[in-house]
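Topology and contacts: notes
Here's the letter readout for the chains.
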Amino acid sequence: MTIYDDILQTVPAPSGSDVRVEAVRYDHDGTALEGLLAKDHSVSGPRPAVLVVHDWLGVNDHVRARVTMLARLGYVALGADIYGADVRPSDEEAADVAGGFYQDLPLLRARAFAGFERLREDPDVDHTRIVVMGYCFGGSTALELARAGADLVGAVAFHGGLIVHEPADVDHVRAKLLVLTGGADPMVPDETVAAWQAEMRTRPEIDWQVTTYSGAMHAFAVPGTDAPEMGAQYQERADRRSWQALQAFLGEVFDEEA
C-alpha cells in the first residue's frame, strides 16, 4: 500500500486492459534523462497522449500514479524528466534544484521539449493530439512549454507557479490553457493570478481558463503533502475536482482534433 492507492482506485483498469509502466531513457544535449512511459498494450494504433511533468521532487511514485491513471483512461502518458536521470532530490534539496531551472527558463523549456519529442517518437502516439500537464514545478513547466510554441493542443497546470513575463511572452502559444489553482495558495496569490491573466489578455485569441479551489493550498493534488505552516497541504476535494476538470478538458481538446 502507498499513499497513492486511493487516487489510483478512482480510475480502475478497464477489463481486458494491459497497462504497463516502464522506465524510458532519453537524452537532452548530452544529459541522460529517465522518465516513465505508461500505455495499454492491449490496444494498438495511435491515440492521444499526455506529457506529465513532475513537481520539485522529480520523477517519483506520484508521477507513476498519474501516468498509470492516464493510461487506464486510454491515453499514452510519459512522465518527463526535467532534472536528469541521476537527480532525485530530497525534500531539503528540492528547492535549490528547482530554483536552478526557474532561473534558467531556456533550459527548463529545452528539457520539457526533450520529453515532448520522446513522447512523439512513440509509435502509439497521435502527433496531432498531445497535451502537457504538471504539478507545482511541473505546472510552471507545462505553461512554459506552451509559451515556447510546442505543437500541443493543451497545457494544464495543477497548483503551478504562474511565471509572469515582462514583456508578455505569449506570441507562440498554440495550446489551450487550463490553470487549476488553490484559493489559499500563498505561493500563487491572487495578484499573481491576476497578472498572469492580464498577460494572456494581451493576445485575445489565446483560449485560457483559470479555476480556483476554495481553501486549497499549494500542492493540493499531491497526496501526502502536509505542511500547512509552509502553505502546502493535500486537499482531497480539490484533488478530485481538479482531476475531473482535467478529464473534461482532455475530452474537449482531443475530440476537437479527432
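All values reported here derive from a predicted model rather than from experimental measurement.

So, about the nonpolar core. Ranked by internal contacts, the top residues of the largest apolar core, which has 43 residues, are Leu51, Ile82, Leu119, Val132, Leu145, Leu152 and Leu177. Per element, the largest residue contribution to this core is six residues, and it comes from helix 4 (residues 105-121). If sequence neighbours within four positions are ignored, Val132 has contacts with Leu51, Val53, Ala142, Leu145, Leu152, Gly154, Ala155 and Val156. Residues Val50, Val59, Met69 and Ala71 belong to the second largest nonpolar core, which totals 40 residues.

Our focus in this paragraph is the pairing of strand 3 (residues 47-53). Burial of strand 3 is extensive: seven of the seven residues sit out of reach of the surface. Bridge analysis of strand 3 against strand 5 (residues 125-135) gives six bridges, and the strand direction is parallel. Looking at strand 5, one finds that Val53 is bridged to Gly134. Considered for its hand, the β-α-β crossover made up of strand 3, helix 2 (residues 61-72) and strand 4 (residues 76-80) is right-handed.

Now for the sheet that holds strand 3. What the eight strands build is an open sheet, ordered 1-2-4-3-5-6-7-8; its pairing is mixed. The sheet is open, and its two borders are formed by strand 1 (19-28) and strand 8 (208-213), each paired with just one other strand. Across the sheet, the mean angle separating the axes of adjacent strands is 20 degrees when strand polarity is ignored. Pairing geometry for strand 6 (residues 154-158) and strand 7 (residues 176-182), over five bridges, is parallel. Across the sheet, the residue bridging to Val156 is Leu178, located in strand 7. On the sheet, helix 4 packs against strand 1, strand 2 (31-40), strand 3, strand 4 and strand 5 and is oriented at approximately 130 degrees with respect to strand 1. Across the sheet, helix 6 (residues 190-201) lies against strand 7 and strand 8, angled at about 165 degrees from strand 8, the strand it touches most.

Throughout the structure, instances matching the rule amount to 17 salt bridges. Between Glu256 and Lys176 there is a salt bridge, with its nearest N and O atoms 3.2 Å apart. Remark: Lys176 occurs in strand 7 and Glu256 occurs in helix 7 (residues 236-257); sequence separation between them is 80 residues. The class for Glu256 is partly exposed, based on a relative accessible area of 45%. Here Lys176 falls in the partly exposed class, since its relative accessible area comes to 21%. Of the charged contacts in the structure, one is a salt bridge between Glu205 and Arg203, with a shortest N-O distance of 3.0 Å. For Arg203, a relative accessible area of 18% gives the class buried. Members of the salt-bridge network, linked through shared partners, are Arg109, Glu144, Arg147, Asp169 and Glu199.

Parameters and conventions
- Residues numbered from 1 in each chain as written.
- Predicted model: local features only at pLDDT ≥ 70, side-chain atom pairs only at ≥ 80, totals over all residues.
- Heavy atoms only, no water.
- Core = buried A, V, L, I, M, F, W, Y, C linked by side-chain atoms within 4.5 Å.
- Buried < 20%, exposed > 50% of the residue type's maximum accessible area, 1.4 Å probe, protein only.
- Helix = DSSP H or I, 4+ residues; strand = E, 2+ residues; numbered from the N terminus.
- Contact = heavy atoms within 4.5 Å.
- Pairing = 2+ DSSP bridges.
- Right-handed = clockwise from strand over helix to strand, strands pointing away.
- Axes fitted to C-alpha atoms, helices over the stretch in contact; angles between N-to-C directions.
- Salt bridge = Lys/Arg side-chain N within 4 Å of Asp/Glu carboxyl O.

Honestly, it's all geometry; don't read function into it.
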